[in-house]
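Fold and contact review
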Amino acid sequence: MKNVFLIVVLSFFSCSIMAQDVSFGVKAGANFSNAKTEADSESATGDVKAGLVLGVFSRMMLTDAFAIQPEILYSQEGYKDGKNAKMNLSYVNIPVMAKVFLAEGFNLQAGPQLGILAGKKAKIGDERVDIDDMKSINFSLNFGAGYDFEQGLSIEARYCLGLTNVDDSELAEFLDMTTKTRSFQLTLGYRF
(Lines give C-alpha, C1' and ligand atoms only; values in the text may rest on other atoms or scores of the structure.)
Protein backbone atom coordinates (compact mmCIF):
# COMPACT_ATOMS: atom_id res chain seq x y z
CA MET A 1 0.00 0.00 0.00
CA LYS A 2 2.88 2.38 0.80
CA ASN A 3 4.37 1.74 -2.66
CA VAL A 4 1.10 2.69 -4.38
CA PHE A 5 0.94 5.93 -2.40
CA LEU A 6 4.59 6.76 -3.22
CA ILE A 7 4.04 6.14 -6.96
CA VAL A 8 0.96 8.40 -6.96
CA VAL A 9 2.79 11.21 -5.15
CA LEU A 10 5.78 11.01 -7.53
CA SER A 11 3.42 10.99 -10.55
CA PHE A 12 1.63 14.02 -9.09
CA PHE A 13 4.79 16.09 -9.07
CA SER A 14 6.35 14.75 -12.30
CA CYS A 15 3.18 15.55 -14.29
CA SER A 16 3.29 19.08 -12.87
CA ILE A 17 6.78 19.62 -14.27
CA MET A 18 5.73 18.67 -17.83
CA ALA A 19 2.98 21.30 -18.19
CA GLN A 20 3.76 24.88 -19.29
CA ASP A 21 1.59 26.90 -16.88
CA VAL A 22 1.71 25.16 -13.49
CA SER A 23 0.59 26.42 -10.11
CA PHE A 24 0.44 24.68 -6.74
CA GLY A 25 -2.04 25.33 -4.01
CA VAL A 26 -3.82 24.34 -0.85
CA LYS A 27 -7.53 23.83 -0.28
CA ALA A 28 -9.88 23.17 2.61
CA GLY A 29 -13.59 22.95 3.17
CA ALA A 30 -16.59 20.94 4.27
CA ASN A 31 -17.51 17.41 3.26
CA PHE A 32 -21.10 16.15 3.54
CA SER A 33 -21.18 12.38 3.12
CA ASN A 34 -23.41 9.35 3.43
CA ALA A 35 -23.59 5.84 1.99
CA LYS A 36 -26.12 3.89 -0.02
CA THR A 37 -26.65 0.24 0.89
CA GLU A 38 -28.38 -2.18 -1.48
CA ALA A 39 -29.45 -5.80 -0.95
CA ASP A 40 -31.74 -7.68 -3.33
CA SER A 41 -34.15 -5.04 -4.62
CA GLU A 42 -34.09 -2.99 -1.42
CA SER A 43 -31.92 0.07 -0.79
CA ALA A 44 -31.34 2.48 2.07
CA THR A 45 -29.32 5.68 2.35
CA GLY A 46 -27.72 6.76 5.62
CA ASP A 47 -28.14 10.22 7.07
CA VAL A 48 -25.59 12.87 6.11
CA LYS A 49 -22.46 13.26 8.24
CA ALA A 50 -20.41 16.48 8.06
CA GLY A 51 -16.62 16.47 8.09
CA LEU A 52 -13.53 18.29 6.86
CA VAL A 53 -11.61 17.98 3.61
CA LEU A 54 -8.17 19.54 3.16
CA GLY A 55 -5.06 19.06 1.09
CA VAL A 56 -2.85 20.20 -1.77
CA PHE A 57 -3.28 20.42 -5.54
CA SER A 58 -1.46 21.30 -8.72
CA ARG A 59 -3.26 23.07 -11.57
CA MET A 60 -1.68 22.45 -14.98
CA MET A 61 -3.07 24.64 -17.77
CA LEU A 62 -2.68 22.70 -21.03
CA THR A 63 -4.57 25.27 -23.13
CA ASP A 64 -6.39 28.52 -22.31
CA ALA A 65 -9.59 26.55 -21.72
CA PHE A 66 -8.41 23.18 -20.37
CA ALA A 67 -6.47 22.11 -17.25
CA ILE A 68 -5.61 18.96 -15.35
CA GLN A 69 -5.72 19.25 -11.56
CA PRO A 70 -4.32 16.34 -9.50
CA GLU A 71 -4.92 16.59 -5.76
CA ILE A 72 -4.02 14.84 -2.52
CA LEU A 73 -6.77 15.33 0.08
CA TYR A 74 -7.53 14.15 3.59
CA SER A 75 -11.28 13.61 3.82
CA GLN A 76 -13.50 12.87 6.82
CA GLU A 77 -16.41 10.78 5.57
CA GLY A 78 -19.00 8.29 6.79
CA TYR A 79 -22.69 8.35 7.57
CA LYS A 80 -25.24 8.32 10.36
CA ASP A 81 -27.89 5.69 10.97
CA GLY A 82 -30.56 7.43 12.98
CA LYS A 83 -29.59 9.29 16.16
CA ASN A 84 -27.53 6.60 17.90
CA ALA A 85 -25.16 5.16 15.28
CA LYS A 86 -22.41 6.89 13.32
CA MET A 87 -19.80 5.46 10.94
CA ASN A 88 -16.59 7.54 10.88
CA LEU A 89 -14.33 6.91 7.90
CA SER A 90 -11.31 8.91 6.83
CA TYR A 91 -9.59 8.66 3.46
CA VAL A 92 -6.54 9.99 1.71
CA ASN A 93 -8.19 10.77 -1.62
CA ILE A 94 -6.26 11.31 -4.84
CA PRO A 95 -8.55 12.82 -7.49
CA VAL A 96 -7.32 13.81 -10.95
CA MET A 97 -9.76 16.38 -12.28
CA ALA A 98 -10.10 17.60 -15.88
CA LYS A 99 -11.23 21.24 -15.81
CA VAL A 100 -12.92 22.89 -18.79
CA PHE A 101 -13.13 26.68 -18.55
CA LEU A 102 -16.37 27.91 -20.11
CA ALA A 103 -15.85 31.59 -19.28
CA GLU A 104 -13.30 33.72 -17.44
CA GLY A 105 -12.53 31.65 -14.31
CA PHE A 106 -15.72 29.54 -14.39
CA ASN A 107 -15.09 25.83 -14.96
CA LEU A 108 -16.77 22.45 -15.03
CA GLN A 109 -14.73 19.49 -13.83
CA ALA A 110 -14.81 15.72 -13.78
CA GLY A 111 -12.38 12.91 -13.05
CA PRO A 112 -11.57 9.68 -11.24
CA GLN A 113 -10.53 9.42 -7.61
CA LEU A 114 -8.55 6.81 -5.69
CA GLY A 115 -9.33 6.71 -1.97
CA ILE A 116 -7.02 5.02 0.53
CA LEU A 117 -8.71 4.20 3.85
CA ALA A 118 -6.88 5.96 6.69
CA GLY A 119 -9.31 5.44 9.59
CA LYS A 120 -12.45 3.49 10.45
CA LYS A 121 -14.47 3.70 13.64
CA ALA A 122 -18.11 3.45 14.58
CA LYS A 123 -19.98 5.08 17.45
CA ILE A 124 -23.08 3.32 18.73
CA GLY A 125 -24.71 5.29 21.50
CA ASP A 126 -21.81 6.33 23.74
CA GLU A 127 -19.57 3.39 22.79
CA ARG A 128 -16.77 3.64 20.20
CA VAL A 129 -16.10 0.47 18.20
CA ASP A 130 -13.25 -0.44 15.83
CA ILE A 131 -14.36 -1.75 12.44
CA ASP A 132 -12.39 -4.52 10.76
CA ASP A 133 -14.41 -5.31 7.66
CA MET A 134 -13.85 -2.30 5.38
CA LYS A 135 -12.05 -2.33 2.05
CA SER A 136 -8.84 -0.33 2.05
CA ILE A 137 -9.39 1.15 -1.45
CA ASN A 138 -12.38 3.16 -2.68
CA PHE A 139 -12.71 4.27 -6.32
CA SER A 140 -15.00 7.20 -7.13
CA LEU A 141 -16.07 9.43 -10.01
CA ASN A 142 -16.15 13.14 -9.23
CA PHE A 143 -18.17 15.90 -10.91
CA GLY A 144 -18.19 19.57 -10.06
CA ALA A 145 -17.97 23.23 -10.88
CA GLY A 146 -15.73 26.01 -9.69
CA TYR A 147 -14.42 29.48 -10.17
CA ASP A 148 -10.69 30.31 -10.28
CA PHE A 149 -10.01 33.97 -9.47
CA GLU A 150 -7.04 35.84 -11.00
CA GLN A 151 -5.57 36.52 -7.53
CA GLY A 152 -5.13 32.77 -6.88
CA LEU A 153 -8.30 32.06 -4.91
CA SER A 154 -10.68 29.34 -6.06
CA ILE A 155 -14.03 28.03 -4.90
CA GLU A 156 -15.38 24.61 -5.85
CA ALA A 157 -18.44 22.43 -5.37
CA ARG A 158 -17.95 18.74 -6.08
CA TYR A 159 -20.00 15.53 -5.94
CA CYS A 160 -18.08 12.28 -5.35
CA LEU A 161 -19.87 9.11 -6.43
CA GLY A 162 -18.34 5.97 -4.87
CA LEU A 163 -18.06 2.97 -7.18
CA THR A 164 -16.53 0.45 -4.76
CA ASN A 165 -18.46 -1.71 -2.31
CA VAL A 166 -16.64 -0.59 0.86
CA ASP A 167 -18.21 -3.27 3.11
CA ASP A 168 -15.88 -6.29 3.19
CA SER A 169 -17.77 -8.28 5.85
CA GLU A 170 -18.85 -11.91 5.53
CA LEU A 171 -22.43 -10.86 6.29
CA ALA A 172 -22.44 -8.43 3.34
CA GLU A 173 -21.07 -11.15 1.08
CA PHE A 174 -23.64 -13.67 2.33
CA LEU A 175 -26.53 -11.21 1.80
CA ASP A 176 -25.07 -9.95 -1.52
CA MET A 177 -25.19 -6.47 0.02
CA THR A 178 -23.25 -3.46 -1.29
CA THR A 179 -22.42 -0.19 0.47
CA LYS A 180 -21.12 2.70 -1.63
CA THR A 181 -20.05 6.13 -0.43
CA ARG A 182 -21.42 9.47 -1.61
CA SER A 183 -20.20 12.94 -0.70
CA PHE A 184 -20.66 16.59 -1.57
CA GLN A 185 -17.73 18.95 -1.01
CA LEU A 186 -17.51 22.74 -0.78
CA THR A 187 -13.92 23.99 -0.76
CA LEU A 188 -11.93 27.18 -0.86
CA GLY A 189 -8.45 27.05 -2.39
CA TYR A 190 -5.43 29.26 -2.89
CA ARG A 191 -2.85 28.91 -5.70
CA PHE A 192 0.70 30.14 -5.14
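To keep things clear, this report deals only with the structure shown in the data block.

Definitions and cut-offs
Residues numbered from 1 in each chain as written. Predicted model: local features only at pLDDT ≥ 70, side-chain atom pairs only at ≥ 80, totals over all residues. Heavy atoms only, no water. Helix = DSSP H or I, 4+ residues; strand = E, 2+ residues; numbered from the N terminus. Buried < 20%, exposed > 50% of the residue type's maximum accessible area, 1.4 Å probe, protein only. Areas by Shrake-Rupley, 256 points an atom, 1.4 Å probe, with all protein chains shown as cover. Patch = residues over 30% accessible without salt bridge, like charges linked within 9 Å, V, L, I, M, F, W, Y side chains within 5 Å. Salt bridge = Lys/Arg side-chain N within 4 Å of Asp/Glu carboxyl O. Lys, Arg positive; Asp, Glu negative; His and termini not counted. Charge placed at Lys NZ, Arg CZ, Asp CG, Glu CD. Core = buried A, V, L, I, M, F, W, Y, C linked by side-chain atoms within 4.5 Å. Contact = heavy atoms within 4.5 Å. Polar contact = N/O pair within 3.5 Å; in protein donor to acceptor, adjacent residues only side chain to side chain. Pairing = 2+ DSSP bridges.

**A word on the overall build of the protein chain**
Helix and strand counts for the protein chain come out as 2 helices and 10 strands. Seen in sequence order, the protein chain has helices and strands lined up from the N terminus as α-β-β-β-β-β-β-β-β-β-α-β. Within the protein chain, the proportion of its 192 residues that are buried is 42%. Total accessible area on the protein chain is roughly 10600 Å²; 61% of this is exposed by carbon and sulfur atoms.

**A short note on a negative patch on the surface**
On the surface, Asp132, Asp133, Asp168, Glu170 and Glu173 cluster together to form a negatively charged patch. Along the chain, aspartate 168 falls in the loop between strand S9 (153–162) and helix H2 (170–175).

**A short note on the nonpolar core**
Counting residues in each nonpolar core, the largest one holds 8 residues, listed as Met87, Leu89, Tyr91, Leu117, Ala122, Ile131, Met134 and Val166. Not counting the four nearest positions on each side in its chain, leucine 117 is found in contact with Leu89, Ser90, Tyr91, Met134, Lys135 and Ser136.

**Description of the side chain of glutamine 113**
With respect to the helices and strands, the residue glutamine 113 is situated in strand S6 (residues 106–124). Assessed through its relative accessible area of 5%, glutamine 113 is described here as buried. Among the polar contacts made by the side chain of glutamine 113, one reaches the side chain of asparagine 142 at a distance of 2.9 Å. Contacts of glutamine 113, omitting those with residues within four sequence positions, involve Asn93, Ile94, Pro95, Asn138, Phe139, Ser140, Asn142 and Cys160.

**With respect to the pairing of S9**
The two faces of S9 differ: Ser154, Glu156, Arg158, Cys160 and Gly162 on one face are buried, but Leu153, Ile155, Ala157, Tyr159 and Leu161 on the other face are not. Connecting strand S8 (residues 137–148) to the next strand, S9, in antiparallel fashion are 4 residues, including glycine 152 with a positive phi near 105°. Alignment of S9 against strand S10 (residues 177–191), held across 9 bridges, turns out to be antiparallel. Residue pairing for S10: glutamate 156 is matched across the bridge by threonine 187.

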